[in-house]
Amino acid sequence: MTHSTRKDTHSPYLDGDRDWRDTATRYALLPLRVFLGVTFIYAGLDKLTDSSFFADSGSGSVGDLMRAVRDSSAIPALVDLALKNPAGFGYALAFGELAVGIGTLLGLLARLAAVGGALISLSLWLTVSWASDPYYYGNDLPYLFCWVPLMLAGASVWSVDAWIRGRRRGRGQARAWR
């Protein structure tokens, strides 16, 4: 019996010079990018539209949240820093989430946005979610690891970054998005 190398003969999909597997690989991170972008935009807007969030104390305030997690966090000094100005910290967090979400969704400076998202998720895991037992009940750790592929790969399709790369290479605008 002889063995031969299998040659797949799949028809091209979307791109004339690529097969469906290559196309799927190119678009694989798009659902993750959309999910993280929309989630972080929502989180930022949710904080900005909640008047009680920016208060130093009271139900739903960032100040009460920080005081509640201070003794159980991995880095109490980080919580103490936030407690020096809870409203300022709350606004920084909200606008940071909004910037990360918009950058990720649009694919604008996507790797930088992913680093920002990872830092936000890391800081929330080390403070707010640290005491979750078992650890996988806290949602900030999975978010942290969701940012890693986007930090490594960036936004290769349907992004402002891809459009800019295409313009620099001299390709037409319509092709640069894909």
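Cut-offs and rules
Residues numbered from 1 in each chain as written. Predicted model: local features only at pLDDT ≥ 70, side-chain atom pairs only at ≥ 80, totals over all residues. Heavy atoms only, no water. Helix = DSSP H or I, 4+ residues; strand = E, 2+ residues; numbered from the N terminus. Buried < 20%, exposed > 50% of the residue type's maximum accessible area, 1.4 Å probe, protein only. Contact = heavy atoms within 4.5 Å. 1 Å grid on protein atoms, 1.4 Å probe; cavity = no way out; pocket = protein on both sides within 12 Å on 5 of 7 lines; lining within 4 Å. Points joined across faces, edges and corners; volume = space filled by probe spheres on them. Nonpolar A, V, L, I, M, F, W, Y, C, P; charged D, E, K, R; others polar. Core = buried A, V, L, I, M, F, W, Y, C linked by side-chain atoms within 4.5 Å. Polar contact = N/O pair within 3.5 Å; in protein donor to acceptor, adjacent residues only side chain to side chain.

Caption draft 1: Broad picture of the overall build of the protein chain. Helix and strand counts for the protein chain come out as nine helices and zero strands. For the protein chain, the α and β elements follow one another from N to C terminus as α-α-α-α-α-α-α-α-α. For the protein chain, buried positions account for 35% of its 178 residues. Across the protein chain, every contact between residues at least 6 apart in sequence was considered, and the portion connecting residues at least 24 apart equals 61%.

Caption draft 2: The arrangement of the layout of surface pockets in detail. Size it by volume and the largest pocket reaches roughly 290 Å³. Contributing to the lining of the largest pocket are 18 residues, with Lys 47, Glu 97, Leu 124, Asn 139 and Asp 140 lying nearest its centre. Mapped onto the lining of the largest pocket, the elements with two or more residues apiece are helix H2 (30–48), helix H3 (62–69), helix H5 (86–106), helix H6 (110–127) and helix H7 (140–153). Here the lining of the largest pocket is built from residues that sort into twelve nonpolar, three polar and three charged. Forming the boundary of the second largest pocket are 13 residues, of which Leu 78, Ala 82, Phe 89, Leu 93 and Ser 123 lie nearest the centre. Within the lining of the second largest pocket, the residues separate by chemical class into eleven nonpolar, two polar and no charged.

Caption draft 3: Quick peek at the nonpolar core. Counting 16 residues, the largest nonpolar core has Leu 36, Phe 40, Val 100, Ile 120, Trp 147 and Leu 150 as its most contacted members. Every element with two or more residues in this core is listed here: H2, H5, H6 and H7. In terms of residues, this core owes the most to one element, H6, which gives six residues. Ignoring anything within four residues of it in the chain, the contact list for Leu 36 reads Thr 104, Tyr 143, Cys 146, Trp 147 and Leu 150.

Caption draft 4: Spotlight on empty space enclosed by the protein. Under the counting rule described, the total for this entry stands at one cavity of 30 Å³ or more. In this structure, the largest cavity encloses a volume near 40 Å³. Taken together, Arg 33, Thr 104, Ala 110, Ala 114, Trp 147, Leu 150, Gly 154 and Ala 155 make up the lining of the largest cavity. For the lining of the largest cavity, the secondary-structure elements that each account for two or more residues are H6 and H7. Grouping the amino acids of the lining of the largest cavity by side-chain chemistry returns five nonpolar, two polar and one charged.

Caption draft 5: Up close: the side chain of Ser 121. Considering the arrangement of structural elements, one finds Ser 121 in helix H6. Residues contacting Ser 121, with those up to four places away along its chain left out, are Phe 40, Asp 140, Tyr 143, Leu 144 and Trp 147.

Caption draft 6: Main features of the environment of Ala 77. On the secondary structure map, Ala 77 appears in helix H4 (residues 76–84). Along the primary structure Ala 77 and Thr 127 are separated by 50 residues, whereas in three dimensions their C-alpha atoms are 9.7 Å apart.

Caption draft 7: Quick peek at the side chain of Glu 97. Position of Glu 97 relative to the elements: it lies in helix H5. For Glu 97, a relative accessible area of 4% translates into the label buried. Side-chain polar atoms of Glu 97 contact the side chain of Lys 47, separated by 3.0 Å.

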